[in-house]
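Each chain is listed here by its residues.
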Amino acid sequence: MFSIDGITWDIPCSIEREAEISASDISGLMLDRSYFNDVLGTYMSYTVRIAVPLDMRDEYTQIYEALTNPVDGHLFVMPYNDSTIEITARVSTVSDVYVRLAGGQVYWKGIEFTCVANYPTKAMTLGEMVVTGRAPFPDVSEPSQGDSYTWDGDEWVVSVVYDDADNIYY
Amino acid sequence: MYIKVYTYDGLPELIGTYTEITGLSYAPSADLAGASIPINEFQVDIHTTDTIEIGGYAELYDDLDNLWAQYWIVYAEHIDQQTLRLRAQSDIGILDKVELLAVYVENASVTSVLDDTILWSTIGSVVPMTYSLDSSLTSATITGFFPHQTARERLMWIAFTIGGYVKTHFNQTIEILPIDNTVTAIPIGDTYWKPSITYNSWVTAIRGHAYTFAIGTPSTTDTYVEDWIGNTYIVTETTITIQNQNAPEAAPENVVDIDGLYLLNGNNISSVLSRLTAWYFNRTEVDFDAINNGAYIPGDKVQVHLDDEKIASGFITSATFAFGLQAKAKMHLTGVEDVESGKLKILYKYNGVQIGKKVYSLPVGYTYTITNPYIDKTMNKHRYIFRPLAESITGTMTSGTTTVTQNYAVALDLYKSVLHIISVDSITESQDQTTLITIGVIA
């Protein structure tokens, strides 16, 4: 389920999402052999393949016409983790397939489109970047601004057996 | 980056702040040798359907609200329906269109001469202009003859004579500043791969012409000048030459001739020429790119790494900016000198075993403070996170190689997917199962 410009379409579809962490052209290799990544923000894009039942031809046409309007962006509501996300995104191509059956029946099927967000979903400001320096690497070995690391997920498991700086076992 | 646009009709009026910038070029420069005053400008493409009249001015700001330039709008046209291209120039562009009459001055204070230049330029252009003169230059006096010339040329003559240069970037006024030898070091990690060095032909000598003026009626063989009210001054000329002792004997003769600058006289010619040797007798120039959010600007003296070992200092004469979230500048250095450097080798050890190493090339005499990093290292199938026993290392750089050792302890040990917490400051588990481990420096 997704929505375009305020209209929600509860129809069979597959939705593929991609997050692009975009950096500017001033990114590059530095003299100390590190890479300077001037990250501008994280831009979401969704590729949607629609399978509209034959008895919903009007809806099919409405979706097609909405997507092919020559505007700089549509307001989409798309699935995002356990919730949804609202993005203004551009659609550059919309494709589908014309089918003619043996009995002479004809119809269009399989609208596919990709919408790419015009604005970042996540972004740092210049102030944040200047204060914190470059974005920390995900590897915990790199010092970040403080001395704290978050360890979670599959790879790292906290053991119940450890000793701390005072050599006290737990 | 964003732009504020003002109209000016006796008083400034803000007509718009534009944040949707699709293109921006800004490349301020400064001629520290004083041979010219560049007309700095910026060009910006704005996503707008607004129409903007030329004659007002525009201010360029970064996202931290720092002013980068305040220039007069000389061009504003739509290049497509929704994109306005705007070009704005510094006050020098206006001074270049104002012509000033010939005049002889004697022992005139530099401030009075500058006041006159800016006042007549303001009257001539109907545009308000201000200048500031660094306090170290205010006691200078001017003796000599100004020919009929543009206000831009006159300002250049004055600045050149008193040993200043003109800065029209990152400010709202014309600044006349002395050469400042304070050096700012650009970190190697902020310098892009890789600076280039240019060696120009040797300048073998600088020749300067000094003048005296005597009011009178010239003979047919006299050289003379005439001021705007018809007074004639007979000109007497002498020359002084300074040889470049560093130029090899085989270098072809290449003399820089400072000729026709009627403010040079017996009192100031030696100091002017000796000042110029710093620029003309130094044939090394450096071009390099660095992350530059406005910290290094034309006129500044900076120290830059040329490679892993070599360091040089020099004056920025131009900076061509490119913008992302941060800004990068392609900078040109003149007056380049080698900086003696030494090597600092830091060995990171745990129980006597080396777990890491860093080597820095730093200027001799530089006081460094280098933070000890956390080290992630896999040894014998154990993935260790080591924590430093000291937060940082400090010292003063000497020549040669200095080796220091920093000791570490194991903070975390991951072995066969089990994390052993060996030495940490605190552990906090939140309701969402996230575990926060705080690792400080062991005191």
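## Considering the overall build of chain B
Inference 1: Secondary structure summary: chain B contains 4 helices and 34 strands in total.
Inference 2: The C-alpha atoms of chain B give a radius of gyration of 29 Å, which is well past the 22 Å a tight globule of 443 residues would have.
Inference 3: For chain B, the spread of C-alpha atoms along the principal axes amounts to about 100 × 65 × 35 Å.
Inference 4: Of the contacts made within chain B by residues no fewer than 6 positions apart, 64% connect residues no fewer than 24 positions apart.

## Here's the deal with unusual backbone geometry
Inference 1: Along the chain, tryptophan 193 of chain B connects to lysine 194 of chain B via a cis peptide bond; the corresponding omega equals 0°.
Inference 2: When you line up the elements, lysine 194 of chain B lands in the loop between β15 (183-185) and β16 (196-199).
Inference 3: Positive phi values are uncommon outside glycine, yet asparagine 81 of chain A reaches one of about 50°.
Inference 4: Along the chain, asparagine 81 of chain A turns up in the loop between β7 (74-80) and β8 (83-100).
Inference 5: Given 7 C-beta atoms within 10 Å, asparagine 81 of chain A falls into the exposed group.
Inference 6: Despite not being glycine, phenylalanine 170 of chain B has its phi angle at roughly 55°, a positive value.
Inference 7: Looking at the secondary structure, you find phenylalanine 170 of chain B in the loop between β13 (164-167) and β14 (174-178).

## Looking at the sheet that holds strand β19 (residues 232-243) of chain B
Residue and element names in this part refer to chain B.
Inference 1: Spatially, 4 strands are ordered β18-β19-β17-β20 in an open sheet, and the strand pairing comes out mixed. Taken across any chain shown, the strands that pair with only one partner, and hence form the sheet edges, are β18 (223-226) and β20 (255-258). Between one strand axis and the next, the sheet turns through 35° on average, direction left out of account.
Inference 2: Pairing of strand β17 (residues 205-215) with β20, which is carried by 4 bridges, proceeds in the parallel orientation. Paired with alanine 205 across the strands is valine 255, a residue of β20.
Inference 3: Where helix α4 (residues 269-280) meets the sheet, it contacts β17, β19 and β20, and its direction lies at approximately 155° from that of β17.

## Considering the confidence of the model for chain B
Inference 1: When pLDDT is averaged along chain B, the result is 91; 99% of the residues meet or exceed 70.
Inference 2: Overall fold confidence (pTM) sits at 0.79, and the ipTM for the predicted complex is 0.75.

## Quick notes on the environment of valine 48 of chain A
Residue and element names in this part refer to chain A.
Inference 1: Along the chain, valine 48 turns up in strand β6 (residues 39-50).
Inference 2: Given 23 C-beta atoms within 10 Å, valine 48 falls into the buried group.
Inference 3: Residues valine 48 and arginine 17 lie 31 residues apart in sequence; the distance between their C-alpha atoms is 8.6 Å.
Inference 4: Once residues lying within four places of it in the same chain are set aside, the contact partners of valine 48 are Phe2, Cys13, Ile15 and Phe113.

## A word on the pairing of strand β24 (residues 327-339) of chain B
Residues and elements named next belong to chain B.
Inference 1: Two strands pair when backbone bridges link them, and strand β21 (residues 284-291) and β24 are joined in this way by 6 bridges, in the antiparallel orientation. Among the inter-strand pairings, isoleucine 291 is bridged to a residue of β24, identified as lysine 328.
Inference 2: Judged from the 11 bridges that link them, strand β23 (residues 311-323) and β24 form a sheet pairing that is antiparallel. By the bridge assignment for β24, alanine 322 is matched with lysine 328.

## Quick notes on the environment of serine 318 of chain B
Residue and element names in this part refer to chain B.
Inference 1: With respect to the helices and strands, serine 318 occurs in strand β23.
Inference 2: Note on serine 318: 19 C-beta atoms within 10 Å, which makes it partly exposed.
Inference 3: When the C-alpha positions of serine 318 and alanine 329 are compared, they lie 9.2 Å apart, and in sequence the two are 11 residues distant.
Inference 4: In this structure, serine 318 is in contact with Ala27, Ser29, Pro298, Met331 and His332, ignoring residues within four places of it in sequence.

## Comments concerning the confidence of the model for chain A
Residues and elements named next belong to chain A.
Inference 1: When the pLDDT values of chain A are averaged, the result is 79; 76% of them are 70 or greater.
Inference 2: The weakest mean pLDDT in chain A belongs to strand β10 (residues 148-151) at 39; the strongest belongs to β7 at 95.
Inference 3: Under a pLDDT of 50 for its full length, residues 134-170 has, in the predicted model, 54 contacts with residues more than four places off or in other chains.

## Comments concerning the pairing of strand β28 (residues 375-379) of chain B
Residue and element names in this part refer to chain B.
Inference 1: As defined by bridge partners, β28 adjoins strand β29 (residues 382-388) across 5 bridges and the pair is classed as antiparallel. Bridging across to β29, aspartate 376 finds its partner in isoleucine 385.
Inference 2: If you look at the hairpin formed by β28 and β29, you'll find 2 residues sitting between the two strands, and asparagine 380 has a positive phi there, around 50°.

## Focus: the sheet that holds strand β1 (residues 2-4) of chain A
Residue and element names in this part refer to chain A.
Inference 1: On the basis of which strands lie adjacent, the open sheet formed by 7 strands has the order β2-β1-β7-β8-β9-β6-β3 and antiparallel pairing. Of all the strands in the sheet, just β2 (7-9) and β3 (13-23) have a single pairing partner and so form its edges. Taking each pair of neighbouring strands and ignoring which way they run, the sheet shows an average axis angle of 30°.
Inference 2: As defined by bridge partners, β6 adjoins strand β9 (residues 106-117) across 5 bridges and the pair is classed as antiparallel. When the sheet's bridge partners are listed, tyrosine 46 is paired in β9 with cysteine 115.

Calculation notes
Residues numbered from 1 in each chain as written. Chains lettered and ligands numbered in written order. Predicted model: local features only at pLDDT ≥ 70, side-chain atom pairs only at ≥ 80, totals over all residues. Helix = DSSP H or I, 4+ residues; strand = E, 2+ residues; numbered from the N terminus. Rg over C-alpha atoms; globule rule 2.2 N^0.38 Å. Contact = placed C-beta atoms within 7 Å. Buried ≥ 20, exposed ≤ 12 C-beta atoms within 10 Å, placed from the backbone. Pairing = 2+ DSSP bridges. Axes fitted to C-alpha atoms, helices over the stretch in contact; angles between N-to-C directions. pLDDT = per-residue confidence, 0-100.

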